[in-house]
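Breakdown of the fold
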Amino acid sequence: MRPQVVAHRGASHEIAEHTLGAYVAALDAGAEALECDVRLTADGHLVCVHDRTLKRTAQTPGVVSTMELADLAELDFAKWKNPWIDLDDEAPDRDEAFDRVLTLRTLLETVRDYSTRTGRRVELAIETKHPTRYGGLVEKRLVELLSEFGWIGPDAPVRVMSFSYTALQRVERLAPDLRLVQLIEHARNWAMLSRAIGPDWILGPGIQMLRDHPKVRARIAHSGHDLHVWTVNKKSDLELCLDLGAKAVISDRPAHMLELLDG
Ligand code: G3P
Ligand code: CA
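All values derive from a computational prediction rather than experimental measurement. (Residues numbered from 1 in each chain as written. Chains lettered and ligands numbered in written order. Predicted model: local features only at pLDDT ≥ 70, side-chain atom pairs only at ≥ 80, totals over all residues. Heavy atoms only, no water.)

**Some thoughts on the overall build of the chain**
A count of helices and strands for the chain gives eleven helices and nine strands. Taking 263 residues into account, the globule formula puts the C-alpha radius of gyration at 18 Å, and the chain, at 18 Å, falls close to it. Dimensions along the principal axes, computed over C-alpha positions, put the chain at roughly 55 × 40 × 35 Å. Sorting the 263 residues of the chain into buried and exposed places 51% on the buried side. The long-range fraction of contacts in the chain, counting pairs at least 24 apart against all pairs at least 6 apart in sequence, stands at 58%. Counting only carbon and sulfur atoms, one obtains 49% of the accessible surface of the chain, whose full area is about 12700 Å². With 33 positive and 40 negative side-chain charges, the chain shows a spacing of 8 Å between the two charge centroids. (Helix = DSSP H or I, 4+ residues; strand = E, 2+ residues; numbered from the N terminus. Rg over C-alpha atoms; globule rule 2.2 N^0.38 Å. Buried < 20%, exposed > 50% of the residue type's maximum accessible area, 1.4 Å probe, protein only. Contact = heavy atoms within 4.5 Å. Areas by Shrake-Rupley, 256 points an atom, 1.4 Å probe, with all protein chains shown as cover. Lys, Arg positive; Asp, Glu negative; His and termini not counted. Charge placed at Lys NZ, Arg CZ, Asp CG, Glu CD.)

**Comments concerning the UniProt feature "domain: GP-PDE" (unreviewed entry) in the chain**
Per the UniProt entry, the sites bearing "domain: GP-PDE" (unreviewed entry) are residues 3-261 in this numbering. As annotated, residues 3-261 comprises 36% helix and 17% strand, and the C-alpha atoms at either end are separated by 9 Å. (UniProt positions renumbered as here; feature names shortened; annotations may be inferred.)

**Section: the coordination of the calcium ion (ligand 2)**
Put simply, a metal with four donors set out as a tetrahedron has ideal angles of 109.5 degrees, and one with six donors set out as an octahedron has ideal angles of 90 or 180 degrees. Coordination of the calcium ion (ligand 2) by the protein involves Glu 35 (OE), Asp 37 (OD) and Glu 127 (OE), with metal-donor separations of 2.2 Å. Donor residues for the calcium ion (ligand 2) sit on one chain with the sequence pattern E-x1-D-x89-E. With a gap of 92 residues between them, Glu 35 in strand β2 (residues 33-40) and Glu 127 in strand β4 (residues 123-128) connect regions that are remote in the sequence. The residues Glu 35 and Glu 127 share a single accessibility class, namely buried. (Donors = N, O, S within 2.8 Å, 3.2 Å for Na, K, Ca; no water.)

**Looking at the packing of helix α5 (residues 137-148) against helix α6 (residues 165-174)**
Where α5 meets α6, the closest approach of the two axes is 9 Å, and the angle between their N-to-C directions is 40 degrees. Judged by the twist between their axes, the crossing of α5 over α6 is right-handed. Contacts from Glu 139, Lys 140 and Val 143 in α5 reach Ala 167, Arg 170, Val 171 and Leu 174 in α6. Here the residues of the contact of α5 with α6 sort into four nonpolar, no polar and three charged. (Axes fitted to C-alpha atoms, helices over the stretch in contact; angles between N-to-C directions. Left-handed = near helix turned anticlockwise from the far one by under 90°. Nonpolar A, V, L, I, M, F, W, Y, C, P; charged D, E, K, R; others polar.)

**Description of the side chain of Thr 103**
Within the element layout of this structure, Thr 103 appears in the loop between α3 (69-72) and α4 (104-118). Classification of Thr 103 by relative accessible area gives buried; the value is 16%. Separated by 2.9 Å, the side chains of Thr 103 and Thr 106 make a polar contact. In this structure, Thr 103 is in contact with Leu 46, Val 47, Cys 48 and Leu 69, ignoring residues within four places of it in sequence. (Polar contact = N/O pair within 3.5 Å; in protein donor to acceptor, adjacent residues only side chain to side chain.)

**Comments concerning the site of ligand 1**
Close to ligand 1 lie His 8, Arg 9, Glu 35, Asp 37, His 50, Glu 127, Lys 129, Met 161, Phe 163, Leu 183, Trp 230 and Ile 250, which account for all nearby residues. At 2.7 Å from an oxygen atom of ligand 1 is found a side-chain nitrogen or oxygen belonging to Arg 9. Class assignment of the residues belonging to the shell around ligand 1 gives a composition of five nonpolar, two polar and five charged. (Near = heavy atom within 4 Å.)

**Brief notes about the side chain of Gln 4**
Turning to its location among the elements, Gln 4 is positioned in strand β1 (residues 4-8). By relative accessible area, which is 17% here, Gln 4 ends up buried. Separated by 2.7 Å, the side chains of Gln 4 and Arg 159 make a polar contact. Excluding anything up to four places from it in sequence, Gln 4 contacts Glu 32, Ala 33, Glu 123, Arg 159, Lys 247, Ala 248 and Val 249.

**Observations regarding the packing of helix α10 (residues 235-244) against helix α11 (residues 254-262)**
Helices that pack against each other are described as a pair by the angle of their axes relative to one another and the distance between those axes. Their axes nearest at 11 Å, the elements α10 and α11 cross at an angle of 60 degrees. Taken together, the axis directions place α10 and α11 in an arrangement best described as oblique. The hand of the α10/α11 crossing is right-handed. Along the contact surface, α10 presents Lys 235, Leu 238 and Leu 242, while α11 presents Met 257, Leu 260 and Leu 261. Across the contact of α10 with α11, the residue classes tally to five nonpolar, no polar and one charged. (Parallel < 35°, antiparallel > 145°, perpendicular 65-115°, else oblique.)

**Things to note about a negative patch on the surface**
Among the surface-exposed residues, Asp 43, Glu 68, Asp 71 and Glu 74 lie close enough to one another that they form a single negatively charged patch. According to the relative accessible area criterion, Glu 74 is exposed, its value standing at 62%. (Patch = residues over 30% accessible without salt bridge, like charges linked within 9 Å, V, L, I, M, F, W, Y side chains within 5 Å. Salt bridge = Lys/Arg side-chain N within 4 Å of Asp/Glu carboxyl O.)

**A few points about unusual backbone geometry**
At the junction of His 130 and Pro 131, the peptide bond is cis and its omega measures out at 0 degrees in the coordinates. Its location among the elements puts Pro 131 in the loop between β4 and α5. Cis peptide bonds are those with omega within 30 degrees of zero, and the linkage from Trp 230 to Thr 231 qualifies with -20 degrees. One non-glycine residue, Arg 9, lies in positive phi territory at about 65 degrees. Structurally, Arg 9 can be placed in the loop between β1 and α1 (20-29).

Below is the structure:
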C-alpha cells in the first residue's frame, strides 16, 4: 500500500503555513491527513503555530505563550508569505478568517465537518512543541480537547507527535489508546530512543537524517516500527520513502506528492 500523504502545516508550499486557508487548500488537493504544531496561549488555548515567537509568521515581536488568544486574533499570519497581495488588483477576494491565527479546536472542527460532508476520512498528525513554559499542560489540554471530540480511542483520526519522548509518555498515560509518533531529527538520538519507545509507537525521522546516515537509516527501516517521514517535498525524497516502506509522507506539497503517487 502506498504511503498516506500528510499536508505539512497545510498546503504550506503555496499558502501561509498553519492558516485555515492552507488547510482548506490541502483538503481540496486531496491530502489524506493534516499535520500541525500546537502551542498554548497564556489563557490556555491551543493554537497552531510552529515558532516560539511571532516574528516570522506574524511579523511582530512577541512570544506565543505570553499572549492571549484575543491578541493573537488581531494579527495577520498570511501576509509574510505574500507581502504584495494588497497591491494585486487581480487577486481574488479572500475570507479574512483564512489568514488569522488558527486554534486547534477550529482545525478539529474543520476536519470533522469535512469528513462528515464528503464521507472521506481525513486524519490529523498533531505535534506538541517543547520546550515550553507550560510543560505537561500542553498534553493535558490536548487530550482534554480530543476527548471532547471523542477522538482518543484506537480508531480516532488523530495521532500525536513530538520530538520530546517525555511529552509522548505523558500522552500515553493520559490516553493509552492514542497513536504516538516519536519524531527524530538527529541520528545520535536513535540509540536511546530505540530502547525507550513503546513497541507500537510510530517513528518520525527527518528525510535529511535518513539521507545523511545510511547505517541509522537501515536500523530504523528494520526496527519494526511504522515510519512517517518529514519533510518530503521532492520526487527523490519520495522514492527514498517508498524504498523504506514508509507508511506516511509529510509534505509541504501534498498535491505534488499525490500527483507523483497516483498520477
Ligand atoms: O512532521 C514533523 C515535522 O513537522 C517536524 O519538524 O520543525 O517542521 O515541526 P518541524
Ligand atoms: Ca511540525
